[in-house]
Amino acid sequence: MLPGAGEVLLSVKAVGINFRDVLNVLGMYPGDPGAPGSDVAGVVVSSSSNSSLQPGTAVFGLTVGALGTAVSCSANTVVAMAPCLSFEAASSMPTVFITAQMALGAVTAVSSSERVLVHAAAGGVGLAALQVLQSLGAVAVCTAGSPAKRSLLRSLGVSAVVGSR
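Residues numbered from 1 in each chain as written. Predicted model: local features only at pLDDT ≥ 70, side-chain atom pairs only at ≥ 80, totals over all residues. Heavy atoms only, no water.

1. Here's the deal with the overall build of the chain
Logical step 1: Broken down by element type, the chain carries five helices and eight strands.
Logical step 2: Reading the helices (α) and strands (β) of the chain from amino to carboxyl end gives β-α-β-β-β-β-α-α-β-α-β-α-β.
Logical step 3: Overall size of the chain, expressed as C-alpha extent along the three principal axes, is 50 × 35 × 30 Å.
Logical step 4: Taking all 165 residues of the chain together, the buried fraction comes to 36%.
Logical step 5: Contacts in the chain between residues at least 24 apart in sequence constitute 58% of all its contacts with a sequence separation of at least 6. (Helix = DSSP H or I, 4+ residues; strand = E, 2+ residues; numbered from the N terminus. Buried < 20%, exposed > 50% of the residue type's maximum accessible area, 1.4 Å probe, protein only. Contact = heavy atoms within 4.5 Å.)

Here it is as structure tokens:
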């Protein structure tokens, strides 16, 4: 399998499974979600001539149908991994961080003087939202369903944590 123009071929090392994937395989997703497995981490096996990603580069990002040993994807939707990341950690980040960044940065333009309520803050998108808010200098007010989850949020520097039940 050779990558097309602007694509890279990855040796898949880890795939993040999201709620969309669960709905997809259960036949409950509205519309066509494509093949399951969109959050991927792997190693570039080959790349098109116009890609800056070279074979051997560890990358992570978004694609379609990554539940296998290899996947071809757009070079625009993957980036090189930091050496401190494992493939498993990297594959857990694309969807949740893109969701949080789009909601809090691009769409609402949260500023450092604002307080933002984050429901279910101990979940994937909630934890990503917390990190995005902290990077913006905003104050997160969080909810979580169990004492252990509320304790986790406090350990991450959140002072305003309440039960969601």
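2. Quick look at unusual backbone geometry
Logical step 1: Of note in the backbone geometry, alanine 109 takes a positive phi value of approximately 50° without being a glycine.
Logical step 2: With a phi angle near 50°, alanine 120 is a residue other than glycine that sits in the positive phi range.
Logical step 3: Tracing the backbone through its elements, the reader meets alanine 120 in the loop between β6 (115-118) and α4 (124-136).
Logical step 4: Classification of alanine 120 by relative accessible area gives partly exposed; the value is 49%.

3. Considering a nonpolar patch on the surface
Logical step 1: A contiguous nonpolar surface patch, about 750 Å² in accessible area, is contributed by Ile17, Phe19, Val22, Val25, Leu26, Met28 and Leu67.
Logical step 2: By secondary structure assignment, the location of valine 22 is in helix α1 (residues 19-25). (Patch = residues over 30% accessible without salt bridge, like charges linked within 9 Å, V, L, I, M, F, W, Y side chains within 5 Å. Areas by Shrake-Rupley, 256 points an atom, 1.4 Å probe, with all protein chains shown as cover. Salt bridge = Lys/Arg side-chain N within 4 Å of Asp/Glu carboxyl O.)

4. Some points on the environment of valine 139
Logical step 1: Mapped onto the elements, valine 139 comes out in strand β7 (residues 139-144).
Logical step 2: Linking valine 139 and glutamate 114, residues 25 residues apart in sequence, is a C-alpha distance of 6.3 Å.

5. Here we look at the sheet that holds strand β4 (residues 70-74)
Logical step 1: If you walk across this open sheet you meet the five strands as β4-β1-β2-β3-β5, and the pairing is antiparallel. Each having just a single partner strand, β4 and β5 (78-80) make up the two edges of the open sheet. Shown here is a sheet whose adjacent strand axes are inclined to one another by a mean of 45°, direction ignored.
Logical step 2: Two strands pair when backbone bridges link them, and strand β3 (residues 58-62) and β5 are joined in this way by three bridges, in the antiparallel orientation. Paired with glycine 61 across the two strands is valine 78, which belongs to β5.
Logical step 3: Across the sheet, helix α3 (residues 94-107) is in contact with β2 (39-47) and β3; its angle to β3 comes to roughly 55°. (Pairing = 2+ DSSP bridges. Axes fitted to C-alpha atoms, helices over the stretch in contact; angles between N-to-C directions.)

6. Describing the side chain of serine 48
Logical step 1: Within the fold, serine 48 resides in the loop between β2 and β3.
Logical step 2: Among the residues examined, serine 48 registers a relative accessible area of 10% and is labelled buried.
Logical step 3: There is a polar contact of 2.9 Å between the side chain of serine 48 and the backbone nitrogen of glycine 6. (Polar contact = N/O pair within 3.5 Å; in protein donor to acceptor, adjacent residues only side chain to side chain.)

7. A few points about the pairing of β7
Logical step 1: Where β6 meets β7, four bridges bridge the pair, whose relative direction is parallel. When the sheet's bridge partners are listed, valine 116 is paired in β7 with alanine 140.
Logical step 2: Pairing between β7 and strand β8 (residues 160-163): four bridges, direction parallel. By the bridge assignment for β8, alanine 144 is matched with glycine 163.
Logical step 3: Read as a crossover between parallel neighbours, the route from β7 over helix α5 (residues 147-155) to β8 is right-handed. (Right-handed = clockwise from strand over helix to strand, strands pointing away.)

8. Some thoughts on the sheet that holds β7
The strands making up a sheet associate through backbone hydrogen bonding, with each pair oriented either parallel or antiparallel.
Logical step 1: Strand order in this open sheet of three strands is β6-β7-β8, and the pairing throughout is parallel. This sheet does not close on itself; its edge strands, each paired only once, are β6 and β8. Looking at each pair of strands side by side, their axes are set apart by 20° on average, direction ignored.
Logical step 2: On top of the sheet, α4 reaches β6 and β7; it is set at about 170° to β6, its chief contact.

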